[in-house]
Amino acid sequence: MNTSNQALIEIRFAKLNALAVHCEPGPLAAIVESLGKRLGKKPSMYTVEPAVLDLSAWTAQDLEEFGFDLKTVKSVFDAAGVHLVEVRCSLPEIEAIAEDMGLKCESGEALTAEPEARTAAPEAETPSPATPVDEPVAEVQTSAQATARKTLVIDNPVRSGQKIYAQGADLIVMGQVSHGAEVIADGNVHVYGVLRGRALAGAAGDRQARIISTCFEAELVAVAGYYLTFEAGFPEESRSKPTLIVLDEAQEPAQLRLKPINIR
């Protein structure tokens, strides 16, 4: 069985406005280590969210093989300042422990983050590229549709205390994101103005997602759960300048990179 850290823990934003932490079966020590890395230390990008622990992938056989200590796992949430409120599971042993700990417990299918049409603009039709006669046109169209992504455009500044989430979509903000504001997208985040709050791209796990700001002064940026804060100050090449934020996986562990953008 694959027990690599990245395979064991996947973080998504669920439709119930809570953080859905999906846990695959695996050794407890590896789960605790992976969860600690993904949630991070205080202050974390996830501290503003209640959390649901999704154990729907676990079977009675997995529980017998690996064991699972809910109290130990909850202590990792607590250490990161994340409020665990519910466990999604179909195992009576885990349900009993969750209830004793005062956690809500639900059985059923895994939590998902499906796109909501009301949060995103309609998809634009993508013109089909020129195709050789001996290539099936249907295959080209299917590929184009698979890579299409919706876009949510916010025309107003995002004020302190506001949170904008583009579920299943890219997010474009045509204005400032103030201190204490948060912009989140399953895809890319574009801020065409001063970014002073938090920007989180790839919230559903897309490691290729990017953050673009025309004036970078952020409190926190994150891509697919990897984040940077700037309490110690900004690199001079990025302060108040057009900046691209990407996840660099060329080394282990992966980390975010700030890259200047030449828009003149």
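The structure this text deals with has already been given above.
Attention in this report is confined to the structure presented alongside it. (Residues numbered from 1 in each chain as written. Predicted model: local features only at pLDDT ≥ 70, side-chain atom pairs only at ≥ 80, totals over all residues. Heavy atoms only, no water.)

**Some words on the pairing of strand S9 (residues 182-185)**
At step 1: Burial along S9 is two-sided: the residues Glu182 and Ile184 and Val183 and Ala185 are all buried.
At step 2: Pairing between strand S7 (residues 163-166) and S9: four bridges, direction parallel. What sits directly across from Ala166, in S9, is Ala185. (Buried < 20%, exposed > 50% of the residue type's maximum accessible area, 1.4 Å probe, protein only. Helix = DSSP H or I, 4+ residues; strand = E, 2+ residues; numbered from the N terminus. Pairing = 2+ DSSP bridges.)

**A few points about the nonpolar core**
At step 1: Counting residues in each nonpolar core, the largest one holds 31 residues, and the members touching the most others are Leu171, Val183, Ile211, Val221 and Val223.
At step 2: Contacts of Val221, omitting those with residues within four sequence positions, involve Ala199, Ile211, Phe216, Tyr226, Tyr227, Leu228, Phe230, Ile245 and Leu256.
At step 3: Ranked by size, the runner-up nonpolar core spans 30 residues in total, among them Ile9, Phe68, Val76 and Leu103. (Core = buried A, V, L, I, M, F, W, Y, C linked by side-chain atoms within 4.5 Å. Contact = heavy atoms within 4.5 Å.)

**Quick notes on the sheet that holds strand S12 (residues 211-216)**
At step 1: What the six strands build is an open sheet, ordered S6-S8-S10-S12-S15-S16; its pairing is mixed. Sheet topology places strand S6 (150-154) and strand S16 (255-260) at the edges, where each strand pairs with a single neighbour. Looking at each pair of strands side by side, their axes are set apart by 20° on average, direction ignored.
At step 2: Two elements, strand S10 (residues 189-195) and S12, share five bridges in a ladder whose sense is parallel. Looking at S12, one finds that Val191 is bridged to Ser213. (Axes fitted to C-alpha atoms, helices over the stretch in contact; angles between N-to-C directions.)

**With respect to the environment of Leu228**
At step 1: Mapping Leu228 onto the fold places it in strand S14 (residues 226-229).
At step 2: In the structure, Leu228 is positioned 27 residues away from Gln255 in sequence and 8.7 Å away in space, judged by C-alpha atoms.
At step 3: Not counting residues within four places of it along the chain, the set of residues in contact with Leu228 comprises Glu219, Leu220, Val221, Leu256 and Leu258.

**Examining the packing of aromatic side chains**
At step 1: By the definition in use, this model includes three aromatic pairs.
At step 2: Considering the side-chain rings of Trp58 and Phe66, the 6.3 Å spacing of their centres and the 75° angle between planes classify their relative orientation as edge-to-face. Phe66 carries the same exposure label as Trp58, and that label is buried.
At step 3: Judged by centre distance (5.5 Å) and plane angle (90°), the ring pair of Phe216 and Phe230 falls under edge-to-face. In this pair, Phe216 is assigned in strand S12 and Phe230 in the loop between S14 and strand S15 (243-248), connecting sequence segments 14 residues apart. Like Phe230, Phe216 is buried. (Phe/Tyr/Trp six-rings, centres within 6.5 Å; stacked < 30°, edge-to-face > 60°.)

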